[in-house]
Amino acid sequence: MMKCFRNVTIANEILMTMRSNKKSKGEVSLQEPIGIDKEGNEISLLDILGTDTDHILDEVHLKLQTKRLYNAINKVLKDRERKILELRYGLTDGGCRTQREIAAMLGISRSYVSRIEKRALEKLSKALNS
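Since the model is a prediction, treat every value here as computed from it, not as a measurement.

What follows deals with the pattern of salt bridges. Applying the stated rule across the entire model yields five salt bridges. When the shortest N-O distance is used, the salt bridge between D79 and R82 registers 3.0 Å. Of this pair, D79 and R82 are both found in helix α4 (residues 79–89), three residues apart, which corresponds to roughly one turn of the helix. Taking the relative accessible area as the measure of exposure, R82 reaches 17% and is therefore buried.

Rendered as structure tokens:
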């Protein structure tokens, strides 16, 4: 009888259960007990592999908000504003750049990049909050 399950212990229990069920040729039921927790309750694969519903909802919400943000960026911003935000926050390639780097790339001053960035963020904020 096992008193405590840790990630390694859980993985070992899953493997041992699957190996002991050679007669089922690799098919394992999610409800099949694989061990006992420290309170003496049976633990199944479903218990181990279960997913937190709050985590799923948060992830779906994040994806919807991200899609909404990109739609607003494409709809509300001018090309230069979009380009500066993409470079500044790494929206296309994941590499965030400083205002100074963006200014050098676009051949404009750092303070102008700052003003364009501020204006673009204000436009996005209005668009997303309306």
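There is more to say after this.
With that settled, consider the nonpolar core. Core analysis: the largest hydrophobic core is formed by seven residues, namely I84, L87, I102, A103, I108, V113 and I116. In terms of nonpolar packing, the next biggest core, distinct from the first, is built from six residues, A72, L77, L85 and A120 among them.

What follows deals with α4. Every buried residue of α4 is listed here: E81, R82, I84, L85 and L87. Looking one or two residues beyond α4, the residue adopting positive phi is G90, at roughly 65°.

Here helix α6 (residues 110–129) spans 28 Å end to end across 20 residues, near enough to the 28 Å set by a 1.5 Å rise per residue. Here α6 has its buried residues at V113, I116, E117, A120 and L124. Looking straight down α6, one finds its buried side chains confined to an arc of 100°; they lie on one side. Looking at α6, the residues exposed on the side facing more than 90 degrees away from the buried face are K118, K126 and N129.

Here the focus is the confidence of the model for the chain. Mean pLDDT over the chain: 81, with 72% of residues reaching 70 or higher. Mean pLDDT values for the elements of the chain range from 60 in helix α1 (residues 7–20) up to 96 in helix α5 (residues 99–106). Taken together, the stretch residues 1–7 has pLDDT below 50 and engages in 15 contacts with residues farther than four places along the chain or on a different chain.

Another aspect to go through is the side chain of E81. Tracing the backbone shows E81 in helix α4. Of the residues examined, E81 reaches a relative accessible area of 2% and is grouped as buried. Each residue touching E81, except ones within four places of it in the same chain, is listed here: I116, R119, A120 and K123.

Before going further, it helps to spend a moment on the packing of α5 against α6. Closest axis-to-axis distance for the α5/α6 pair is 8 Å, and the angle between their directions is 105°. Between α5 and α6, the crossing angle belongs to the class labelled roughly perpendicular. Listed contacts from α6 to Q99, R100, I102 and A103 of α5 are R110, V113, S114 and E117. Classifying every residue of the contact of α5 with α6 by side-chain character gives three nonpolar, two polar and three charged.

Along the chain, E117 turns up in helix α6. Only 3.0 Å separates the side chain of E117 from the side chain of R88, close enough to count as a polar contact. When sequence neighbours within four positions are dropped, the list of residues in contact with E117 reads I84, L85, R88, Y89 and Q99.

Cut-off values and rules
- Residues numbered from 1 in each chain as written.
- Predicted model: local features only at pLDDT ≥ 70, side-chain atom pairs only at ≥ 80, totals over all residues.
- Heavy atoms only, no water.
- Salt bridge = Lys/Arg side-chain N within 4 Å of Asp/Glu carboxyl O.
- Helix = DSSP H or I, 4+ residues; strand = E, 2+ residues; numbered from the N terminus.
- Buried < 20%, exposed > 50% of the residue type's maximum accessible area, 1.4 Å probe, protein only.
- Core = buried A, V, L, I, M, F, W, Y, C linked by side-chain atoms within 4.5 Å.
- Expected span 1.5 Å × (residues − 1).
- Arc of directions from axis to C-beta.
- pLDDT = per-residue confidence, 0-100.
- Contact = heavy atoms within 4.5 Å.
- Axes fitted to C-alpha atoms, helices over the stretch in contact; angles between N-to-C directions.
- Parallel < 35°, antiparallel > 145°, perpendicular 65-115°, else oblique.
- Nonpolar A, V, L, I, M, F, W, Y, C, P; charged D, E, K, R; others polar.
- Polar contact = N/O pair within 3.5 Å; in protein donor to acceptor, adjacent residues only side chain to side chain.

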